[in-house]
Each structure stands twice: as C-alpha cells, then as structure tokens.
Amino acid sequence: MNARLSQHLTLLGLCSMIFYGVMLGTGKLSIEVMPHFVISAVIFLTSGRLMRKAARSQEELDKEEEKRKKQAEVDWEWFTAMFNWTMALIVMGTLTIFLMKPLGVSFVQALKDVTPHAHYVDTTVP
C-alpha cells in the first residue's frame, strides 16, 4: 500500500512540475511566485521516494521478523522430555545418596571418613 501511495505522490509531483511550467510558459504566473510552487513539487517528489524507501524497509523488517519467529519457536515436546529426564535423574541420585549413607552418620561425617583406596603392588604369580 505504501509503495502504491509513493507512486501516486511521485506522479503528483511530476504533474505539478508540468502544471507550473505551463503556467509560467503562458505567463499566468510571475517568476516571483515560481519558487514556492517548485518547492512544493520537489516536496511531492521527495516524499514519494521516501515513502518507497520506507515501504521497502518495512517489508524487510517483516521478513526478518518472520524468520525470527520461525527460529524462536521452541520444541516444547523435546524440552518437556529433557526436563522430565533431568528431574528423574536428580531425584534418583538424591535417593541413592540417602540409601548409601549409614543411618547414624551425617553427610558431613560420611564425607570426612572416606578413605582413599590403597594401591597394592602385585607380584608375579609363579
């Protein structure tokens, strides 16, 4: 719509330039008034170009926004499955820690009393 309007404004600017030229040529208008009419015609011509540029930029923005919408769509099925599996692993890990810890020992004591594995040097068997 803006592109069509810009064409109309450009056409209006050209018609006004022709009209003012004819009026000047026939002697209906004096040279003193002519700059005002020329300025209005130039305004019509430039506004047509500006509206055309604005229409192009608006179309480009719309295309970019459509691309962003397509890229920004979240795969909720995958996200839900990933979240469920992550939470299941966290719950299972927490329950495993509670089951592996002896009843009378706190977590701090259990971590302090851990002894590293002793490495033994194996000899060859005869």
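It should be emphasised that the depicted structure is a prediction, and the values quoted were computed from it without experimental measurement. (Residues numbered from 1 in each chain as written. Predicted model: local features only at pLDDT ≥ 70, side-chain atom pairs only at ≥ 80, totals over all residues. Heavy atoms only, no water.)

**A word on the overall build of the protein chain**
When helices and strands are counted, the protein chain shows four helices and zero strands. Listing each helix as α and each strand as β along the protein chain from the N terminus yields α-α-α-α. Buried residues in the protein chain amount to 10% of all 126 residues. Partitioning the intrachain contacts of the protein chain with sequence separation of at least 6 by distance along the chain shows that 64% fall at a separation of at least 24. Here the protein chain displays about 11,500 Å² of accessible surface, and carbon together with sulfur accounts for 68% of that area. (Helix = DSSP H or I, 4+ residues; strand = E, 2+ residues; numbered from the N terminus. Buried < 20%, exposed > 50% of the residue type's maximum accessible area, 1.4 Å probe, protein only. Contact = heavy atoms within 4.5 Å. Areas by Shrake-Rupley, 256 points an atom, 1.4 Å probe, with all protein chains shown as cover.)

**Section: a nonpolar patch on the surface**
Taken together, the side chains of Val-74, Trp-76, Trp-78, Phe-79 and Met-82 present a nonpolar region at the surface, about 580 Å² in accessible area. Within the element layout of this structure, Met-82 appears in helix H3 (residues 76-100). On the basis of relative accessible area, Met-82 is assigned to the partly exposed category, the value being 39%. (Patch = residues over 30% accessible without salt bridge, like charges linked within 9 Å, V, L, I, M, F, W, Y side chains within 5 Å. Salt bridge = Lys/Arg side-chain N within 4 Å of Asp/Glu carboxyl O.)

**Description of the environment of Phe-19**
By the element assignment, Phe-19 lies in helix H1 (residues 2-26). What makes Phe-19 partly exposed here is its relative accessible area of 46%. For the pair Phe-19 and Phe-37, spaced 18 residues apart in sequence, the C-alpha separation works out to 9.7 Å.

**Description of the packing of aromatic side chains**
This model, assessed by the stated rule, comprises two aromatic pairs. Judged by centre distance (5.7 Å) and plane angle (85 degrees), the rings of Trp-76 and Phe-79 are edge-to-face. Pair noted here: Trp-76 and Phe-79 are both in helix H3, with a separation of three residues, about one helical turn. The class for Phe-79 is partly exposed, based on a relative accessible area of 44%. (Phe/Tyr/Trp six-rings, centres within 6.5 Å; stacked < 30°, edge-to-face > 60°.)

**Notes on a negative patch on the surface**
Residues Glu-59, Glu-60, Asp-62 and Glu-66 make up a contiguous surface patch of negative charge. Mapping Glu-66 onto the fold places it in helix H2 (residues 34-72). (Lys, Arg positive; Asp, Glu negative; His and termini not counted. Charge placed at Lys NZ, Arg CZ, Asp CG, Glu CD.)

**Section: the side chain of Ser-16**
Inspection of the secondary structure assignment puts Ser-16 in helix H1. Judged by its relative accessible area of 9%, Ser-16 falls in the buried class. Setting aside anything within four residues of it in sequence, one finds Ser-16 in contact with Ala-41 and Phe-44.

**Comments concerning the confidence of the model for the protein chain**
Residues with a pLDDT of 70 or more make up 87% of the protein chain, whose mean pLDDT is 79. At the level of individual helices and strands, the protein chain shows its lowest average pLDDT in helix H4 (residues 107-112), which scores 78, and its highest in H3, which scores 90. (pLDDT = per-residue confidence, 0-100.)

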